[in-house]
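In case you want the letters, here they are:
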Amino acid sequence: MDALLNEFKSWKKENQPLYLDLKAHESLLFDRFYPVFTVLDHILQETTAKRMKLDSDLIKIFDVGLAFLNDQFESCKIYLSTNFHNDIHELMKYDSVINYVLFAEDVRYELEEKQRKYDKDTLDKLCDKLENIIDKQLPVDGNLGLYVDEQIRVICGDNELDFYGIIDIFSDIADTLGITLYEDEEIVIGKDI
């Protein structure tokens, strides 16, 4: 387990600047990584302080979360360097498209993990279309999200789309561990008394 904790420490050291840039720019990509990163960081802090003892469940959580961060964050770094010449502002123009690509890959993983039949050709075409938008830096259609949702329905076919991905799972884990991911902002309508 020490190797996993050390790997995450190294990951943080290497990737925290970009992670914080995504946060500062209110990127959808930050929102994607936030639950996983926060749970892993919490486990790291609590085990280092000896307030939490690692068991097989926590090791599995840590292993899955770290693999997710490594894979998907590395994809973002490749887009940043290859397509946007390390300019975070240029990447931000396409963060929703990159998020759709990562989501489509999440759906692919989930369907294959559950050994469900799905329309692989349509999924490949969707990913190619999204990649083309990024590669050629085409304008992002305001209805792209609706298009992606419709294509995901076609891809899944008769499968019930009970998609419960890693991000959802880690949000639940955070709740179980007592981590508040999102603070509800109180809004006062009328006079504040």
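Everything discussed here concerns the structure shown above.
Keep in mind the model is a prediction, meaning the values are calculated, not measured.

With that settled, the discussion passes to the overall build of the chain. Secondary structure assignment for the chain yields eight helices and zero strands. Seen in sequence order, the chain has helices and strands lined up from the N terminus as α-α-α-α-α-α-α-α. Across its three principal directions, the C-alpha atoms of the chain cover 50 × 50 × 40 Å. Taking the contacts inside the chain whose residues are at least 6 apart along the sequence as the reference set, 73% of them involve residues at least 24 apart. When the accessible area of the chain is evaluated, it comes to approximately 11800 Å², of which 49% is carbon and sulfur surface.

Take the side chain of Thr122 next. With respect to the element layout, Thr122 can be found in helix 6 (residues 120–135). Given a relative accessible area of 14%, Thr122 falls into the buried group.

Attention shifts here to the side chain of Thr38. With respect to the element layout, Thr38 can be found in helix 2 (residues 28–48). Classification of Thr38 as buried rests on a relative accessible area of 15%. With residues near it in sequence (within four places) discarded, Thr38 still touches Tyr19, Ile179 and Leu181.

Taken as a whole and judged by the stated rule, the model has 12 aromatic pairs. Between Phe8 and Phe62, the aromatic rings sit 5.6 Å apart at their centres with planes inclined by 85°, giving edge-to-face as the arrangement. Placement of Phe8 in helix 1 (residues 2–24) and of Phe62 in helix 3 (residues 56–84) is noted, with a sequence separation of 54 residues between them. The exposure classification of Phe8 matches that of Phe62, with both residues buried. Arranged with centres 5.6 Å apart and planes meeting at 55°, the rings of Tyr34 and Tyr182 form a pair that is tilted. Of this pair, Tyr34 sits in helix 2 while Tyr182 sits in the segment after helix 8 (166–176); the two residues are 148 residues apart in sequence, bridging distant segments of the chain. Judged by its relative accessible area of 49%, Tyr182 falls in the partly exposed class. Among the aromatic side chains, those forming a connected cluster through ring pairs are Phe8, Trp11, Tyr19, Phe30, Phe33, Tyr34, Phe37, Phe62, Phe68, Phe73 and Tyr182. Lys129 extends its terminal NZ or CZ atom over the ring of Tyr147, reaching a point 4.7 Å from the ring centre.

Now for the packing of helix 2 against helix 5 (residues 95–113). Viewed as axis vectors pointing N to C, helix 2 and helix 5 meet at an angle of 40°, and their least axial separation amounts to 8 Å. Of the possible angle classes, the one that applies to helix 2 and helix 5 is oblique. Two secondary-structure elements touch here, helix 2 through Leu28, Leu29 and Arg32 and helix 5 through Asp95, Ser96, Ile98, Asn99, Leu102, Phe103 and Asp106. Looking at the contact of helix 2 with helix 5 residue by residue, the classes come out as five nonpolar, two polar and three charged.

What follows concerns unusual backbone geometry. One non-glycine residue, Glu26, adopts positive backbone phi at about 50°. The topology assignment puts Glu26 in the loop between helix 1 and helix 2.

Another aspect to go through is the nonpolar core. With 57 residues, the main nonpolar core has Phe8, Leu22, Phe33, Leu69, Leu91 and Ile98 as its most contacted residues. Of all the secondary structure elements, the ones that give two or more residues to this core are helix 1, helix 2, helix 3, helix 4 (88–92), helix 5, helix 6, helix 7 (144–156) and helix 8. Ranked by residues supplied to this core, first place goes to helix 3 with 11 residues. Setting aside residues no more than four positions away along its own chain, Ile98 makes contact with Leu29, Cys76, Tyr79, Phe84, Leu91 and Ile134.

Tallied over the full model, the rule gives 10 salt bridges. Across the pair Arg32 and Asp106 runs a salt bridge, and its minimum N-O distance is 3.0 Å. In this pair, Arg32 is assigned in helix 2 and Asp106 in helix 5, connecting sequence segments 74 residues apart. In terms of burial, Arg32 and Asp106 fall into one category: buried. A salt bridge links Asp124 to Arg108; its shortest N-O distance comes to 3.1 Å. Of the two residues, Asp124 sits in helix 6 while Arg108 sits in helix 5, which places them 16 residues apart along the sequence. By relative accessible area, which is 33% here, Asp124 ends up partly exposed. By relative accessible area, which is 15% here, Arg108 ends up buried. It is possible to trace a salt-bridge network through shared partners that takes in Glu14, Glu74 and Lys77.

Cut-off values and rules
Every chain's residues receive numbers from 1 upward, in the order its sequence appears when written. Predicted model: local features are reported for residues with pLDDT of at least 70 only, side-chain atom pairs are reported and counted for 80 or more only, and whole-chain, interface and lining totals are derived from all residues. Water and hydrogen atoms play no part in the side-chain values, which are based on all heavy atoms of the structure. Each helix corresponds to a stretch of at least 4 residues labelled H or I by DSSP, and each strand to a stretch of at least 2 residues labelled E; elements are numbered beginning at the N terminus. The contact criterion used is simple: two residues touch if any of their non-hydrogen atoms lie within 4.5 Å. Here the Shrake-Rupley method, with its probe set to 1.4 Å, supplies the accessible areas, and only the displayed protein chains count as covering residues. Using a 1.4 Å probe on the protein chains alone, a residue whose accessible area is under 20% of its type maximum counts as buried, one over 50% counts as exposed, and one in between counts as partly exposed. Note on aromatic contacts: the rings of Phe and Tyr and the six-membered ring of Trp form a pair at centre separations within 6.5 Å, being stacked when their planes are under 30 degrees apart, edge-to-face when over 60 apart, and tilted otherwise. By definition, being over a ring means that NZ of Lys or CZ of Arg is both within 6 Å of the ring centre and within 35 degrees of the ring normal. Comment: axis = line fitted to C-alpha atoms, over the contacting stretch for helices; angle = value between 0 and 180 degrees taken between N-to-C directions. By the definition adopted for this analysis, an angle is roughly parallel if under 35 degrees, roughly antiparallel if over 145, roughly perpendicular if from 65 to 115, and oblique otherwise. Polarity classes work like this: nonpolar for Ala, Val, Leu, Ile, Met, Phe, Trp, Tyr, Cys and Pro, charged for Asp, Glu, Lys and Arg, and polar for all others, with Gly in that last group. Buried Ala, Val, Leu, Ile, Met, Phe, Trp, Tyr and Cys residues form a nonpolar core when they are joined through side-chain atoms within 4.5 Å. Note on definitions: salt bridges are taken to be side-chain nitrogens of Lys or Arg within 4 Å of carboxyl oxygens of Asp or Glu.

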